[in-house]
Every structure is written in C-alpha cells, then in structure tokens.
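Chain and residue survey
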Amino acid sequence: MKGEMLDVAQASLLEKPQRHQPGRSRRLARSIIATVILAALLVALNSSSWTGLVHFPSRSLGRVQKCSIDNFKRDLAFLDRAKPIEAQEFIQRRDRLAQALAKNGVDAFVLEPGYTFQYYGNISQTDWEPWEPEERPFLMLILPLVSSDGSVSARTAFLAPHFEEGRVRMLGIPSRDDAELDIVIWEEHWNPYETLLQSRLFEGKAQPTLMADEEMRDYIVRGLDGNGFKTVGLSPEAELVRQTKSAAEVELLRAVNTGTVAAVRAMRPCLVSGLTEDEVTSILDNTLLSIGFGLFFNIVLFEEHGALPHGGFVTGGKKLTQDSMVVIDVGAHYLGYSSDICRSFLIDPVDGLRLSSKDPRRAEKEKVWQIVLDAQTAAAEAMKPNNTAASVDIAARSIIEDAGYGYGFTHRLGHGIGIKAHESPYLNKWNTGAKLSPGMTFTNEPGIYLEGKFGVRHEDIYLVREDGEAELLTGQRAKGLYEP
Ligand SMILES: *[C@@H]1O[C@H](CO)[C@@H](O)[C@H](O)[C@H]1NC(C)=O
Ligand SMILES: *[C@@H]1O[C@H](CO)[C@@H](O)[C@H](O)[C@H]1NC(C)=O
C-alpha cells in the first residue's frame, strides 16, 4: 500500500518532462486506479464489523477453520462471569420446590433421570447414562418438610433397586449431609411402587399425592397410580421454580449464548463461496469445540433452504455464493446450560464491494431482514412482568403482518430456555394463560420464510426484569446483513 502511493507521488513529479512516453503514462494510470480501488477497500473495511478480525478468503477448509478459531479466541471475556452452580443452590432449588408442593397440598414431587433430575440433583445425561431409561424404576422424590415455625424445606429421597444402592450414593448428589441421601430400596422380585408406598417416606398417609415430572415415563406413572398413589401433573407454582433463573444461571446463559453468537460472528468473515452447508456446519462445530463448548445442534442453510425453518433431508450439500442468504440456528452447551441463537447474513464479496450485488432478490432480502429485526425489537419491548406469553408473540407478529409477510412467519415467537433449550413458558399467540415474571429467560426468534427463495430469522435471548426492559443475554443483536 505504502509503496504504491510512493510510486504515484514519484510518477507525478516526473510526469511533465516524460509526457511523450506513452508506456509510462499507462503505468501511471494503472497505478492511480489501483490506489483508488485500495482506498475504496479501506473505506469498506473501516465501515464493517470485521475490522480487527482476520479476513482470510481461501477455499482451503483448513485455512477457513483456522481463521474462524483465531477470530473467536481473540476475545473470550464472555466466559469470565460464568461459574458452575454451587452445591448450596441445588439444595435451595429443592427447598423452593418443597414450598410450592406445600402450597399445592402435594406429598412429594417424583422424577426420573433427565433434565429435571439435572436441575434438582446435578446428575447430567452422561452421569445417568448407565441408568438410561430402562425397565427398573430409579426415582428421585422431593418431599416438603414443615418445621414447627411453619417454614418448609425439602427432604430428598430415592427409590432404587437394592443392588444399585452403592451406585446411587456414588453419584454425589449435592445434599445437606449424608443423612439427607435417603434411599428406599426394592428387591428385584418385589413391587417397587408398593415398597415405596409402605416406606418411611409416606408413613400414616392413606393415598399420598405425587406430582409427576413431565419427563416421567407413562408406565411408571401408571405403576404409581395403580398401587395406592394419586398422581397429578405439574402445577404453575412448581413450574415457576425452574422458570425463575438465579443470578448464577443468568450468567451461565449469558456466557453460552453470547459465546455462540460470537462464534458465528467470528466465522463469517472467513467464509468463502463454494463451501457447502455441511462444511460450514463442521467449521462452526470445531469453532465452538475450540473453547470447550459442547455440541448440541447446528443448522446451516443457504438461500432457499433457509425457507425450511429447521432444514430438512435435502439440505447439507448446497454451495455458498456471495449472494446466498445464510441462516444459522445453533445451540451449544456450557456447564450444563444451553444456547439457542440464530443469525441470517451474507458473506463478504470477493471485491469487498457490498453494495454492488447483481442479485435480483437483493432488495427483498434487505427489506425482509429489517422487518424481522423490527419484529424482534417489538417482542423485546413486550417482554415485561405480568404481560402474557401471547402478547409477546403478537407484538412481533403484528409487525410482520403489517409489512405483508404474515404468511411467512410460520412458527411461534419463542420459548423459555435454561438447562434445556426448550422450556416452558412458550411464547405463542394462544398462550394467554401464562404470565411473564422477573427471572424468566426466553428466546426471541421471529422469522420470515419465502418458499423457493430464502428465509430470515434472528434469535436472541432475553431476561425478564423486575424494572421493565428485558435484558439481552446474547451480547449484541444483529446489525446488518454483513454484521450478524
Ligand atoms: C455437578 O456435576 C458436575 C459434573 O459431574 C461436577 O463437575 C460438579 O462438581 C457438580 N457440582 C456440585 C456442586 O456437586
Ligand atoms: C405484577 O402483578 C403482581 C400481582 O398482581 C403485582 O404484585 C406486581 O407488582 C406486578 N408487577 C409489575 C411489574 O407490574
């Protein structure tokens, strides 16, 4: 760059006396044109979000991969405030649940290994893999214990086959003390439900009421119902325990979701025409893995494939071009918490000139992109305590309908998110019964899908706050087609 400019300066000094030399003038003209193009490129660079990021156009997968990981690792500050959930918090969760059960007049909450078990007992999927839903019931029970002053705390117990008792103790479920790990055992030739009913847990209760977790298998619920228990479904009070995120959970959600958006943003300037959807999926997977995030799901769709909100059997092999609308919906895991974000963007054109596209759909892409963003803004503004789940969906839907694209917004606006990517409450226009309350976290993901053309979706995570405005947990919203 510097050498080029020096050339021009020297050339113009010498210009007059050498005017008669035509070859020299052509070189001078070429030199000036090159300088102008470089200056234009610099302007384009300065006005973009990827200033400071490595721009590395190359069709070599290895180089694209390295570029993406290098960009991503440049700033990992989003991890700083995320800490594993402490033992005390698991105990508090069970106490809060016990208080809800006391309010509901329920004798115990009952659950099988799964996400709810992870929430209350810190037993993750890999921890319980050996317990993979099999025919022998292994249950966790949380019972309300009312003390003389009326305060309610949790008593936690398990129902396990006798030969597995040692393994249950080794799971290391956070407890007040060892005595709290109360295990009711059954022999293989006994009826496990009868054993539970006659155990010390339900002494003096004729027909105890059990609240069955939503992940419980039907045959176990039937077994309990058929052997002297009365089972009921989740109450709003019990659901609210998990729906209301603690400060530590909010920081974990912020870290994993901000990090997942940052990964997409870091990868984008490295992408080049010719890469397939499957190749971009694996580049993004490796980028997430490079900082210890766990893979969860990753949907990469180009152009008309993006009009299928979750992709389909035909997607994976389409090749990227400078004009492809890229839709990436991706979730990762970090310290037990989930991300779920989506970005819609274009890659950088080889000539660096973002406005010179000859794509006949370019104008509509820009328009639809902005409508979806405006819908997301409207939904974020509606995410306030006491508003209904329906009202948030309607806020976004009205913007899209008013713009004439109502037919293209084919799914609900969003859902709760925590250790599980999809949690209640669900933001759809029918859900007028559920109200938002402080501490709830939601995806906000409007989209427009134009069959045979392209799709656009923007997805960010928000925290409902006591004091009005919902808080963004994804770091930075999308800003433009080249700034996802
Ligand atoms: C929860 O489980 C994880 C994974 O097994 C473990 O690393 C962590 O120490 C556990 N937390 C507590 C508080 O026991
Ligand atoms: C929401 O409603 C509850 C119960 O009606 C009320 O106590 C609370 O102040 C309301 N919160 C806001 C932010 O309006």
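Scroll up a little and you will see the structure.
Now for a quick tour of the structure. Going along each chain's sequence as written, the residues are numbered from 1 onward. As they are written, the chains are lettered A onward and the ligands numbered 1 onward, keeping that order. At least 70 in pLDDT is required for a residue's local features to be given in this predicted model, at least 80 for side-chain atom pairs to be given and counted, and no such filter applies to totals for whole chains, interfaces and linings, which use all residues. Excluded from the side-chain calculation are hydrogens and water; included are all heavy atoms of the structure.

1. Things to note about the site of ligand 1
The nearness test applies per residue and asks whether one of its heavy atoms lies within 4 Å of the molecule or strand. Neighbouring residues of ligand 1: Ile85, Glu86, Ala87, Asn122, Asp127 and Pro174. Contacts described as polar in this section are N or O atom pairs within 3.5 Å, which, within protein, must combine one atom able to donate a hydrogen with one able to accept it, while residues neighboring in sequence count only if both atoms come from side chains. One of the side-chain N or O atoms of Asn122 is found 2.5 Å from an oxygen atom in ligand 1. Relative to its free-state accessible area of 360 Å², ligand 1 is covered by the protein chains to the extent of 43%. Only Asp, Glu, Lys and Arg are considered charged in this grouping, and only Ala, Val, Leu, Ile, Met, Phe, Trp, Tyr, Cys and Pro are considered nonpolar; every other residue, Gly among them, is considered polar. Looking at side-chain class alone, the shell around ligand 1 contains three nonpolar, one polar and two charged residues. Residue burial considers only the protein chains on display, and all accessible areas are found by Shrake-Rupley using a 1.4 Å probe.

2. A word on the packing of aromatic side chains
Planes of paired rings set the category: under 30 degrees apart is stacked, over 60 is edge-to-face and the rest tilted, where pairs are Phe, Tyr or Trp rings (Trp by its six-membered ring) whose centres lie within 6.5 Å. For the structure on display, the rule yields 11 aromatic pairs. Pairing Tyr405 with Tyr407 gives two aromatic rings, centres 6.2 Å apart and planes at 35°, and the pair type is tilted. The buried label applies to any residue whose accessible area, calculated with a 1.4 Å probe on protein chains only, is under 20% of its type's maximum; exposed applies above 50%, and partly exposed to all values in between. Note on Tyr405: relative accessible area 5%, which makes it buried. One aromatic cluster in this structure is built from Phe72, Phe78, Phe293 and Tyr334. Each ring is checked for a lysine NZ or an arginine CZ that lies within 6 Å of its centre and within 35 degrees of its normal; such an atom marks a charge sitting over the ring. For Lys365, the ring lying beneath its charged end belongs to Phe454, and the centroid distance is 5.9 Å. Arg397 extends its terminal NZ or CZ atom over the ring of Phe409, reaching a point 4.0 Å from the ring centre.

3. Topic: the sheet that holds strand β3 (residues 152–161)
Pairing between strands is defined by DSSP: at least two bridges between the two strands are required. A helix here means a DSSP run of H or I that spans at least four residues, while a strand means a run of E at least two residues long, and both kinds are numbered starting from the N terminus. Spatially, six strands are ordered β4-β3-β2-β1-β5-β6 in an open sheet, and the strand pairing comes out mixed. The two strands at the open ends of the sheet, each matched to only one other strand, are β4 (182–186) and β6 (230–232). Neighbouring strand axes in the sheet, compared pairwise and without regard to direction, differ in orientation by 30° on average. One ladder, built from three bridges, connects strand β1 (residues 108–111) with strand β5 (residues 209–212); its direction is parallel. Following the sheet pairing, Ala108 is matched in β5 by Leu210. The axes are straight lines fitted to the C-alpha atoms, using for helices just the contacting stretch, and the angles between their N-to-C directions are given from 0 to 180°.

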